[in-house]
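# Per-entry structural report
As a plain string of letters, each chain reads:
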Amino acid sequence: MKQPRAWQRMLSDRRLDLLDPSPTDIEIQDIAHGLAFVARWNGQTTGSHPYSVAEHSLLVERIYRIRNRDSESRWNLAALLHDAAEYVIGDMISPVKNALGDEYRILEDRIAGAIFMRFGLPAVLPVPVARAIKSADRSSAWLEATQIVGFKHAEAGRLFGGKPSDKIASIRIRPLSAKVAKERFLRRFDELLD
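All of these numbers come straight from a predicted model, not from anything done at the bench. (Residues numbered from 1 in each chain as written. Predicted model: local features only at pLDDT ≥ 70, side-chain atom pairs only at ≥ 80, totals over all residues. Heavy atoms only, no water.)

### Digging into the side chain of Glu108
What counts here: In DSSP terms, a helix is any run of H or I states spanning at least four residues, a strand is any run of E spanning at least two, and both are numbered starting from the N terminus. The definition of a polar contact used here is a pair of N or O atoms within 3.5 Å, where within protein one atom must be able to donate a hydrogen and the other to accept one, and adjacent residues in sequence count solely through side-chain atom pairs. Contacts between residues were defined by any pair of non-hydrogen atoms, one from each residue, lying within 4.5 Å.
Within the secondary structure, Glu108 sits in helix H6 (residues 102-118). Of the polar contacts made by the side chain of Glu108, one reaches the side chain of Lys97; its length is 3.5 Å. Sequence-distant contacts of Glu108, defined by excluding residues within four places in its chain, comprise Ala85, Glu86, Ile89 and Lys97.

### Some words on the side chain of Ser140
Condition: A 1.4 Å probe rolled over the protein chains alone gives each residue an accessible area, and that area as a share of the maximum for its type sets the label: buried under 20%, exposed over 50%, partly exposed in between.
Among the secondary structure elements, Ser140 is positioned in helix H7 (residues 127-149). For Ser140, a relative accessible area of 0% puts it in the buried group. Within the structure, Ser140 has its side chain in polar contact with the side chain of His56 (distance 3.1 Å). Not counting the four nearest positions on each side in its chain, Ser140 is found in contact with His56, Leu59, Val60 and Ile63.

### A short note on the environment of Gly34
Position of Gly34 relative to the elements: it lies in helix H1 (residues 28-37). Residue classification places Gly34 among the buried positions, given a relative accessible area of 12%. Taking the C-alpha atoms as reference points, Gly34 and Ile89, 55 residues apart in sequence, are found 9.6 Å from one another.

### Topic: the pattern of salt bridges
To keep things clear, this is the line we draw: A pairing counts as a salt bridge when a side-chain nitrogen of Lys or Arg comes within 4 Å of a carboxyl oxygen of Asp or Glu.
Under the definition given, this model contains 12 salt bridges. A salt bridge links Lys97 to Glu86, with the nearest nitrogen and oxygen atoms 3.8 Å apart. Here Lys97 is found in helix H5 (residues 94-100), whereas its partner Glu86 is found in helix H4 (residues 86-89), with 11 residues between them in sequence. The burial state of Lys97 is the same as that of Glu86; both residues are buried.

### Quick notes on the packing of helix H3 (residues 73-80) against helix H10 (residues 178-193)
For clarity, the threshold we go by: Axes here refer to lines fitted to C-alpha atoms; in helices the fit is confined to the stretch in contact. Angles between the N-to-C directions go from 0 to 180 degrees. Angles are sorted into four bins: roughly parallel if under 35 degrees, roughly antiparallel if over 145, roughly perpendicular if 65 to 115, and oblique for all others. Note: crossing handedness is left-handed where the near helix turns anticlockwise from the far helix by less than a right angle, and right-handed where it turns clockwise. Classification used: nonpolar for Ala, Val, Leu, Ile, Met, Phe, Trp, Tyr, Cys and Pro, charged for Asp, Glu, Lys and Arg, polar for all others including Gly.
Axis separation between H3 and H10 bottoms out at 9 Å; the angle between their running directions is 160°. Considered as vectors, H3 and H10 are oriented roughly antiparallel to each other. As for how H3 packs across H10, the hand of that crossing is left-handed. Contacts between H3 and H10 involve Ser73, Asn76, Leu77 and Leu80 on the former and, on the latter, Phe185, Arg188, Phe189, Leu192 and Leu193. A per-class count over the contact of H3 with H10 returns 6 nonpolar, 2 polar and 1 charged.

### Structural notes on the packing of aromatic side chains
Stated formally: Stacked, tilted and edge-to-face are the three classes assigned to paired rings of Phe, Tyr and Trp, where Trp is represented by its six-membered ring and a pair needs centres within 6.5 Å; plane angles under 30 degrees give stacked, over 60 edge-to-face, the rest tilted.
Scanning the model with the defined rule gives 4 aromatic pairs in all. Between Trp41 and Phe151 the ring centres are 5.9 Å apart and the planes differ by 55°, which places this aromatic pair in the tilted class. One end of the pair, Trp41, is in the loop between H1 and helix H2 (53-67); the other, Phe151, is in the loop between H7 and helix H8 (153-160), with 110 residues separating them in the sequence. An identical accessibility class is assigned to Trp41 and Phe151; each is buried. A ring pair is formed by Phe119 and Phe189, whose centres lie 5.1 Å apart and whose planes are at 80°; its orientation type is edge-to-face.

So this is what it looks like as structure tokens:
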């Protein structure tokens, strides 16, 4: 019996095997493009543009940077790339991820590991770094939920943790066009590699 296709063709002409991803098949241009066109919150956000995973990634890296001023730039890069696997598998909202269980997480982790390795990071991040990025991710979700999704502060607090510090809570989200989100993502990526 013929195996079903398990690869995705990218605009760079690379083909990424989703079941056995190779770091050599990963290009930052493909990631930036894909993330800029993937909508967070299944597109259920306010604004004239969908709020993209590229924008979310920039926000998470910014929050991580504010909280971890002495962090090595490679961990800031890890924060920027924390959802990079979604360039090829999309952004699945948490309730769906939870319903699908381990199979989805295994696929996502395998792709994320290949992405991290492609850019000189360990496939599995050190636990303290992963926890700090997850904390920034939850704060980002709180900001998004209260500013562009319509959650009240109390509900967002129950789901994503309490209100972030005033410095982080003062960050304003303005959904960008895919073109601008992609450009900003690539610019920040380049800054972190310098």
